Amino acid sequence: MALVTTKEMLLKAQEGHYAVGAFNVENMEMVMAVIGAAEELNSPVILQTTPSTVKYAGLDYYLANVKVAAEKASVPVAMHLDHGSSFELAMQALRAGYTSIMIDGSHESFEDNIAVSKAVADACRPSDIPVEAELGKVGGKEDDLDGGEGNAHTDPQEAKEFVERTGVSSLAVAIGTAHGIYKGEPKIDLDRLSEIREVVSVPLVLHGGSGIPDETIKESIRRGIAKVNYATELRIAFSNGVKKVLAENPDVIDPKKYGAAGRDSVKEFVKGRMEVCGSINRA
């Protein structure tokens, strides 16, 4: 089917008390893996790219890969700009045909974050393209993204005001998760998440899902998370698949050989995350 937006997808997840996995893809094989997993499990799915990934090949290259795969798929597929770093990049993604856009103004002041998030939401509304924003700071490092150390968690009352003033469709919250690899056991503030859910009506998003214990993810979904982002673990899965082939046969020169192994490794990982998110048979 044609690409869909994340709006109805996340509202249904919120109402049904499950989450939709959002998976960062870096190449054709990862696109094939993620959508293949979604088809096998009859799950809705979101594929996404970060600004650094976009810089590597361009919005149109990644969108074309996902669009072709989505048109052949029997499940809902959305294409999302993850951590849109500026109003300009968000507008480029909108014009390119992305069906969901994030603007990340979390490094700005509260008022400046509201201003840029509202500007993107206002610009996307005529095209009915949903916008995700972030309040508070999700820590850690990934690509060019640096969340810093000791980041502020999302304040529930600020979250309520932020959503009301910006008109965004979903909100990424900072409750102790981090991007990249965790240095120790992540301390997730689930009570804070519950407080945010009580005062914010739009679907909530959990960034930094890679490496969080399954039970913590499930509990965060029970408390209101409707979208869970995964990036680092997909890279690890793909790389491990490639490394295994090359270790066993260093003379392999056909990229399809090790590309297929990376693809299959990512597919199995994604299927496991969809099970944790509870999105199986929700398409």
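Novice: Can you help me understand the sheet that holds strand E4 (residues 100-103) in this one?
Specialist: Sheet strands line up and pair through hydrogen bonds in the backbone, either parallel or antiparallel. Pairing in this closed barrel of 8 strands is parallel, and the strands run E1-E2-E3-E4-E5-E8-E10-E11 around the ring. Each neighbouring strand pair of the sheet contributes to a mean axis angle of 25°, computed without reference to strand direction. The pairing of strand E1 (residues 20-24) with strand E11 (residues 225-230) spans 4 bridges and is classified as parallel. From the neighbouring strand, Gly 21 faces E11, where its bridge partner is Val 228. Contacts from helix H6 (residues 110-124) reach E4 and strand E5 (131-135) within the one sheet, and its direction differs from that of E5 by about 175°. Strand contacts of helix H9 (residues 214-222): strand E10 (204-206) and E11, with the helix running at about 145° to E11, the strand carrying the most contacts.

Novice: How should the pairing of E5 be read in this particular structure?
Specialist: The side chains of a regular strand alternate between both faces of the sheet. Of all 5 residues in E5, 5 are buried, a share of seventy percent or more. Neither face of E5 is open: one carries Val 131, Ala 133 and Leu 135, the other Glu 132 and Glu 134, and all of them are buried. With 3 bridges joining them, E4 and E5 adopt parallel strand pairing. Among the inter-strand pairings, Met 102 is bridged to a residue of E5, identified as Glu 132. With H6 bridging E4 and the parallel E5, this β-α-β connection has right-handed handedness. Pairing analysis gives 4 bridges linking E5 to strand E8 (residues 170-173), with the strands arranged parallel.

Novice: Help me out: how do you make sense of the pattern of salt bridges in this one?
Specialist: Two side chains that carry opposite charge are able to pair once their charged atoms sit near each other. Taken as a whole, this structure holds 19 salt bridges when the rule is applied. Residues Asp 189 and Arg 192 are paired through a salt bridge, measuring 3.2 Å at the closest nitrogen-oxygen approach. With relative accessibility at 25%, the residue Asp 189 sits in the partly exposed group. Its salt-bridge partner being Glu 215, residue Arg 222 comes within 2.5 Å of it at the nearest N-O pair. Residue classification places Glu 215 among the partly exposed positions, given a relative accessible area of 46%. Each of the salt bridges in this network shares a partner with another, and the network as a whole consists of Asp 191, Glu 215, Glu 219, Arg 222 and Arg 223.

Novice: Help me understand the side chain of Arg 273 in this model?
Specialist: Note that Arg 273 resides in helix H11 (residues 255-277). Judged by its relative accessible area of 13%, Arg 273 falls in the buried class. Reaching out from Arg 273, the side chain makes a polar contact with the side chain of Asp 214 at a distance of 2.9 Å.

Novice: I would appreciate a short explanation of H9 in the present structure.
Specialist: Residues three or four positions apart in an α-helix share a direction because the helix packs 3.6 residues into each turn. The complete set of buried residues in H9 reads Ile 217, Ser 220 and Ile 221. Projected down its long axis, H9 shows its buried positions confined to an angular sector of 100°, all on one face. Looking at the buried residues of H9, the elements they touch are helix H8 (190-199), E10, E11 and H11.

Rules used throughout
Residues numbered from 1 in each chain as written. Predicted model: local features only at pLDDT ≥ 70, side-chain atom pairs only at ≥ 80, totals over all residues. Heavy atoms only, no water. Pairing = 2+ DSSP bridges. Helix = DSSP H or I, 4+ residues; strand = E, 2+ residues; numbered from the N terminus. Axes fitted to C-alpha atoms, helices over the stretch in contact; angles between N-to-C directions. Contact = heavy atoms within 4.5 Å. Buried < 20%, exposed > 50% of the residue type's maximum accessible area, 1.4 Å probe, protein only. Right-handed = clockwise from strand over helix to strand, strands pointing away. Salt bridge = Lys/Arg side-chain N within 4 Å of Asp/Glu carboxyl O. Polar contact = N/O pair within 3.5 Å; in protein donor to acceptor, adjacent residues only side chain to side chain. Arc of directions from axis to C-beta.

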